[in-house]
Amino acid sequence: MKLRPVAITGIGIASSHGQGRAVHAALLGGAAPVLDEARFAPYPVHPLPALPFDEAIPHREMRQMENWQRLGVFAAGLAIDDAGQRENVAGMDLIVAAGGGERDWKLDEQILAAQPNEVGRHRMLLDGLRPTLFLAQLSNLMAGSISIIHNVAGSSRTFLGEEISGAEALRVACARIASATSELCLVGGAFISERPEVLLLFSMGDVLHQGPWLPLPARRGMVFGSAGVFMTLEPAATAKSPVAILRHVATDQGRPETRPARLAALLAATPGRQPGCMVISTASGAEAATRDELAALGAMPDLFSADLLGHLVEPAFPAGVALAAIAIAEGRAKQVLVTGTGQWRGEAVALLEAPA
Amino acid sequence: MSPRIAITGIGMVTTLGFGAEANWAAMVAGRSGIRPIRRFDTTGMRASIAGCVDLPGDEPGRPLSASARVEKLGEAAIGEAVAQAGLAPPFDGPLCIGMPPVEVEWPQRGGFGASSYPDLIAAAAGQQALYEQFLLGGAATRIAERFGTRGVPQMVTTACASGASAIQLALEAIRRGETGMAIAAGSEASLQPETLIRFGLLQALSTRNDDPEGASRPFTLSRDGFVMADGAGALILEDEAHARARGATILGYVLGAGEAADTFHRTRSTPDGSAIIRCMQRALDDAGLAPSEIGYVNAHGTSTPENDKMEALAVRALFGAAPPPVGSTKSMIGHTLSAAGAIEAAICLLALRHQMLPPTINQADLDPDLGVDTIPLARPHAFRAALSNSFGFGGQNVAVIIGAA
């Protein structure tokens, strides 16, 4: 099959630093993280800042969502606008990498404190859960909300599976454009750090950094960030204003014992790395996976995206690719390699280049 | 020219039993698998019935988690499909699987005696087995590793269309030439107290608790909601040339798939049905078929007032005054949510192979306004292609067309 070159034509990004390409371009030379080290101590987080959701999302829709969906819808809108594709949303395809939405943690804590029996627990849930929360929490309802609010009406898929779901979403979006089964695809996701139920899950895995924030190479654990990241992909040949060419995306997954071999193979199969190629690692900070990724790279990357944004789980890899595209658009690099290794499973690489 | 996509194996687990042919026999007999929920206490809940697949690990008051059940059901259905295809692990292709999002559940959350999240987070530190159980990618990864599939397991959630989305992803990967074959599956086990309560709060469920077998009654005047159900379905999809080269028996084909996101509402279709009409039309276009070539529609047919009305309207709009028979096998197995698209595609294949239509049971008070033949009893039928609809919350609409061998 003859494959078409694929361009990134729009970037929507909102993080602890604020919204938009310019804000994030200013971070590429290195920047201090925005942190909240107190609220979930001993776990530092990169918090969600005040963002103008109410300007981008109608009031009645705001009430149907919580912040995770709002952040994704907001970032998707930024990407659509950045690409100048508002007129073409009816035929726009969509792939979202999602986690779960927010739990009602106050209700959870009431139940934990009461320690009721099974019947009592069900009664507290029956009385306490808001009917609308279910839809605010369903993983695929970020995609659903994007369709409703931005009228995106092509195909719609939501991938699950922590970090690798974000890389796989990008790979499939790129492959669909390259193979001419999609002409315009919106891809990305969102993650919010300030969620006790998320800290609970990853605490179980002993993969969280505790104590004051440290840069990624100096710590052994993850520090979560809050960001929404979406990009539009189009065939490079017909893209009016390409930000960067997404030359290559590849993913793999298997047992952790054989991760070094898969990372080496992914890097070896990445085409045409030029001397001076910038390297952005989306490593999580989780010890074993990060160690394997750095060993495979052989040299320290130019940037750890988690040091700027915090670790973003599902959108971590898309965020690294978005930063790479911004670096190219800003003239900081002609070529950028992006790597990622899931804290539990999954490996990914992408290569971006300046448009011709 | 895209390759034709052959089906060389199917597998199925539902409340009617383990195995595709066992399910087929029960469906043709018009048996309902809906019964009172026994694995947890339903006091105070609006719905207390479901299509339960209880497993040996279920203990009173401490049932398997959704994550553990979804893994076991998925593994059973995929194992059956892989064996029928004459294959064994490692499987030389990707796993595409529709699955529900999972999370830590109350028996686990409450099991540490902690009274606040900070205490709970500290108390649960290092519980590696729970962490791996409740990672969103955990169950799909364990299934992928069990069957030795290639690359990243594509775990897709499009709510009640997830199983059909998985078929689409597998179809596209084969058409792109990324693989000669793929596993397309769906597995569902969301039936746990909190999810049942949440669907109940949305008023989406049938409350016909005193008549479990009559509760799922799609297309009738007295339909009052869907019935949650456990289940899993799997299909082995192959490039036809790949299947022929290895001497596999071709059971049928996935002729095409279509999809259209609805921008109208989170739980309701555009009132003119245009999104679901577009979805079915795209599937027909993808298959290169005219509406008249479809001999059976396996409806989404959830038994909710809204779905069945909109779906019948859309079918009549697309197929004209004399649409093909439109049945809902959810009348017997309940709504298996993330698995429904895969299970019902497999049912279409069984119907084509047997040249027999499975019934929609509980049709005593058929809604006359809907204007479709809902197949109240199983009957022989000569046909070459079937269309399976799957519509999910969030405006997710997917249609898949299955063809005879």
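Residues take numbers from 1 onward in each chain, read along the sequence in its written order. Just so you know, chain letters begin at A and ligand numbers begin at 1, following the order they were written in. Selection of residues for local features in this predicted model requires a pLDDT of at least 70, selection of side-chain atom pairs for listing and counting requires 80 or more, and totals for whole chains, interfaces and linings are taken over all residues.

Caption draft 1: Inspection of the overall build of chain A at higher detail. When helices and strands are tallied, chain A shows 14 helices and eleven strands. For a compact globule the rule gives 2.2 Å times the number of residues to the power 0.38, and the radius of gyration it is set against comes from C-alpha atoms. In terms of overall size, chain A behaves like a compact globule, its C-alpha atoms giving a radius of gyration of 20 Å where 356 residues would be expected to give roughly 21 Å. Each principal axis of the C-alpha distribution contributes one length, and for chain A these read about 65 × 45 × 35 Å. The burial criterion counts other C-beta atoms lying within 10 Å of a residue's C-beta, which is placed from the backbone; the residue is buried at 20 or more, exposed at 12 or fewer, and partly exposed between these limits. Within the span of chain A, comprising 356 residues, buried residues form 61% of the whole. Of all intrachain contacts in chain A linking residues separated by at least 6 positions in sequence, the fraction that spans at least 24 positions is 79%. Secondary structure elements are defined from DSSP: runs of H or I of at least 4 residues count as helices, runs of E of at least 2 residues count as strands, and each element is numbered from the N terminus. Note on contacts: residues are paired as contacts if their backbone-placed C-beta atoms lie within 7 Å.

Caption draft 2: Representation of the overall build of chain B. Broken down by element type, chain B carries 14 helices and 15 strands. Scaling as 2.2 N^0.38, a compact globule of 405 residues should have a C-alpha radius of gyration of about 22 Å, and chain B matches this with 20 Å. Dimensions of chain B, computed from the C-alpha atoms along their principal axes, are close to 60 × 50 × 40 Å. Taking all 405 residues of chain B together, the buried fraction comes to 65%. A sequence separation of at least 24 residues applies to 80% of the contacts in chain B between residues at least 6 apart.

Caption draft 3: Representation of the environment of alanine 327 of chain A within the structure. Residue and element names in this part refer to chain A. With respect to the helices and strands, alanine 327 occurs in helix H14 (residues 316-329). We classify alanine 327 as buried; it has 24 C-beta atoms within 10 Å. C-alpha of alanine 327 to C-alpha of phenylalanine 224: the two residues are 103 residues apart in sequence and 23 Å apart in space. With sequence-adjacent residues up to four places away left out, alanine 327 is seen in contact with Leu28, Met278, Arg332, Ala333 and Val336.

Caption draft 4: Expanded view of the interface of chain B and chain A. With 61 residues of chain B at the contact, the number on the chain A side is 62 residues. For the side of chain B that touches chain A, the secondary-structure elements that each account for two or more residues are helix H4 (117-123), helix H5 (128-134), helix H6 (138-147), strand E6 (154-156), helix H7 (162-175) and helix H8 (193-201) of chain B. Just so you know the grouping, Ala, Val, Leu, Ile, Met, Phe, Trp, Tyr, Cys and Pro go in nonpolar, Asp, Glu, Lys and Arg go in charged, and all remaining residues, Gly too, go in polar. Of the residues that constitute the side of chain B that touches chain A, the class distribution is 30 nonpolar, 22 polar and nine charged. Of the pairings in the sheet, the one linking strand E4 (residues 156-160) of chain A to E6 of chain B comprises two bridges and is antiparallel in character. Opposite phenylalanine 159 of chain A, over in E6 of chain B, you have valine 156 of chain B as the bridge partner. Only strands that DSSP links by at least two bridges are regarded as paired with each other.

Caption draft 5: Structural view of unusual backbone geometry. Cis peptide bonds are those with omega within 30 degrees of zero, and the linkage from alanine 41 of chain A to proline 42 of chain A qualifies with 10 degrees. Mapped onto the elements of the fold, proline 42 of chain A is located in the loop between helix H1 (21-25) and helix H2 (53-56). Of note, the bond from proline 89 of chain B into proline 90 of chain B is cis; its omega dihedral lies within 30 degrees of zero at -5 degrees. Considering the arrangement of structural elements, one finds proline 90 of chain B in the loop between helix H2 (66-84) and strand E5 (95-98).

Caption draft 6: Layout of the environment of serine 65 of chain B. Here serine 65 of chain B is to be found in the loop between strand E4 (49-50) and H2. Residues in contact with serine 65 of chain B, not counting those within four places in the same chain, are Glu105 and Gln133 of chain B.

Caption draft 7: Quick peek at the packing of helix H5 (residues 105-114) of chain A against helix H6 (residues 118-128) of chain A. Residue and element names in this part refer to chain A. In the contact formed by H5 and H6, the axes pass within 11 Å of each other and the chain directions differ by 155 degrees. As the angle between them shows, H5 and H6 are arranged roughly antiparallel. The two elements H5 and H6 meet at a crossing, and its hand is right-handed. Residues Leu107, Gln110, Ile111 and Ala114 of H5 touch H6, and the partners they reach there are Arg121, Met124 and Gly128. In terms of residue class, the contact of H5 with H6 is built from four nonpolar, two polar and one charged. Here, axes are lines fitted to C-alpha atoms. For helices the fit covers the stretch in contact, and angles between N-to-C directions go from 0 to 180 degrees. Note on terminology: angles under 35 degrees are roughly parallel, angles over 145 are roughly antiparallel, angles of 65 to 115 are roughly perpendicular, and the others are oblique. Each crossing gets its hand from how the near helix is turned against the far one by less than a right angle, where anticlockwise is left-handed and clockwise is right-handed.

Caption draft 8: Structural detail: the environment of methionine 300 of chain A. Within the secondary structure, methionine 300 of chain A is located in the loop between helix H12 (287-297) and strand E9 (303-304). Separated by 215 residues in sequence, methionine 300 of chain A and glutamine 85 of chain A have C-alpha atoms that sit 37 Å apart.

Caption draft 9: Structural context of the packing of H7 of chain B against helix H14 (residues 340-354) of chain B. Residues and elements named next belong to chain B. Relative orientation of the contacting elements H7 and H14 amounts to 70 degrees, with a least axis distance of 4 Å. In terms of orientation, H7 lies roughly perpendicular with respect to H14. Residues Ser162, Gly163, Ala164, Ser165, Ala166 and Ile167 of H7 lie in contact with H14, whose contacting residues are Ala340, Gly341, Ala342, Ile343 and Ala345. Of the residues assigned to the contact of H7 with H14, the class counts are seven nonpolar, four polar and no charged.

Caption draft 10: Geometry of helix H11 (residues 259-268) of chain A. All names here are of chain A. Considered for burial, the residues of H11 that qualify are Arg259, Arg262 and Leu263. One side of H11 holds all its buried residues, which, seen down the axis, span an arc of 100 degrees. Along its buried surface, H11 packs onto strand E7 (244-252), H12, strand E10 (335-341) and strand E11 (347-353). The arc in question is formed by the directions pointing from the helix axis toward the C-beta atoms.

Caption draft 11: Broad picture of the pairing of strand E1 (residues 6-15) of chain A. Residues and elements named next belong to chain A. The buried fraction of E1 amounts to ten of the ten residues, a majority that puts the element mostly inside the structure. As paired elements, E1 and strand E2 (residues 18-19) share two bridges and run antiparallel to each other. The residue of E2 that forms the bridge with serine 15 is glycine 18. Hairpin connection of E1 to E2: two residues between the antiparallel strands.

Caption draft 12: How the structure looks around the pairing of E4 of chain A. Residues and elements named next belong to chain A. Counting buried residues in E4 gives five out of five residues, a clear majority hidden from the surface. Across the two faces of E4 the burial is the same, with Ser156, Thr158 and Leu160 and Arg157 and Phe159 all buried. Two elements, strand E3 (residues 93-97) and E4, share four bridges in a ladder whose sense is parallel. For isoleucine 95, the partnering residue across the bridge sits in E4 and is arginine 157.

Caption draft 13: How the structure looks around the confidence of the model for chain B. Model confidence for chain B is summarised by a mean pLDDT of 96, while 100% of its residues fall at 70 or above. Taken together, the chains of this predicted complex give a pTM of 0.98 and an interface ipTM of 0.97. Each residue carries a pLDDT score, the predictor's confidence in it, ranging from 0 to 100.

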